[in-house]
Amino acid sequence: MSSSASTARATTDAPVVPAVDDTEHHPEEMTDDVDRSYGKAIIIGSVVGILLFTVGAWLVLQALAPDWSGGANAVIAIWMGIWSGLFLGGTIAVGRWSMRQGH
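The rules behind the values
- Residues numbered from 1 in each chain as written.
- Predicted model: local features only at pLDDT ≥ 70, side-chain atom pairs only at ≥ 80, totals over all residues.
- Heavy atoms only, no water.
- Helix = DSSP H or I, 4+ residues; strand = E, 2+ residues; numbered from the N terminus.
- Buried < 20%, exposed > 50% of the residue type's maximum accessible area, 1.4 Å probe, protein only.
- Contact = heavy atoms within 4.5 Å.
- Areas by Shrake-Rupley, 256 points an atom, 1.4 Å probe, with all protein chains shown as cover.
- Patch = residues over 30% accessible without salt bridge, like charges linked within 9 Å, V, L, I, M, F, W, Y side chains within 5 Å.
- Salt bridge = Lys/Arg side-chain N within 4 Å of Asp/Glu carboxyl O.
- Phe/Tyr/Trp six-rings, centres within 6.5 Å; stacked < 30°, edge-to-face > 60°.
- Expected span 1.5 Å × (residues − 1).
- Axes fitted to C-alpha atoms, helices over the stretch in contact; angles between N-to-C directions.
- Left-handed = near helix turned anticlockwise from the far one by under 90°.
- Nonpolar A, V, L, I, M, F, W, Y, C, P; charged D, E, K, R; others polar.

Moving on, we get to the overall build of the chain. Within the chain, the secondary structure is distributed over two helices and zero strands. In the chain, which comprises 103 residues, the share counted as buried stands at 16%. Considering only intrachain contacts with a sequence separation of at least 6, the fraction spanning at least 24 residues in the chain is 64%. Taken as a whole, the chain presents about 8400 Å² of accessible surface, with 68% of it coming from carbon and sulfur.

Spelled out as structure tokens, the structure:
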């Protein structure tokens, strides 16, 4: 007699899971606090990143090109702040959010 004949067989019956009717849920019930905090982190990080990068770019431009007008430096700084600040601020905010979530 083999050793496998004496062991008990495990049952293969899957547990019965009741069907869920998703038609009754409203969209506001389908988001949770984690989703909201993620969106809030992106928005706050992007806004802060844009503002800080714009101010920093303007200061650097004033130091490197003092003969340019303040308006020209402001336009360049705003353009740089919108693009660089958006992506850098959003990325840092999502990274910090992820660390707070334990990832």
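Following the structure, the description resumes.
The subject of this paragraph is a nonpolar patch on the surface. Judged by side-chain polarity, Ile 78, Trp 79, Ile 82, Trp 83, Leu 86 and Phe 87 come together as a nonpolar surface patch covering roughly 620 Å² of accessible area. Following the sequence through the fold, Phe 87 ends up in helix 2 (residues 70-101).

Applying the stated rule across the entire model yields three aromatic pairs. Ring centres of Tyr 38 and Trp 97 lie 4.8 Å apart, and the angle between their planes is 65°; this geometry places the pair in the edge-to-face category. In this pair, Tyr 38 is assigned in helix 1 (residues 33-64) and Trp 97 in helix 2, connecting sequence segments 59 residues apart. Seen from their ring centres, Trp 83 and Phe 87 are 6.3 Å apart, and the 25° between their planes marks the pair as stacked. One end of the pair is Trp 83 and the other is Phe 87, both in helix 2 and four residues apart, which spans about a single turn. Note on Trp 83: relative accessible area 43%, which makes it partly exposed. In textbook terms, an aromatic cluster arises when at least three aromatic residues are bridged by ring pairs, as seen for Trp 79, Trp 83 and Phe 87.

In this model helix 1 runs 45 Å from its N-terminal to its C-terminal C-alpha over 32 residues, within 8% of the 46 Å that 1.5 Å per residue would give. When we look at burial in helix 1, the residues that qualify are Ala 41, Gly 45, Ser 46, Gly 49, Thr 54, Ala 57 and Leu 61. In this structure, the buried residues of helix 1 make contact with helix 2.

Next up on the list: the packing of helix 1 against helix 2. Close contact between helix 1 and helix 2 brings their axes to 4 Å; oriented N to C, the two are set at 145°. In the packing of helix 1 onto helix 2, the handedness of the crossing is right-handed. By residue class, the composition of the contact of helix 1 with helix 2 is 20 nonpolar, 14 polar and no charged.

Remember, this is a structural readout, not a statement about activity or role.
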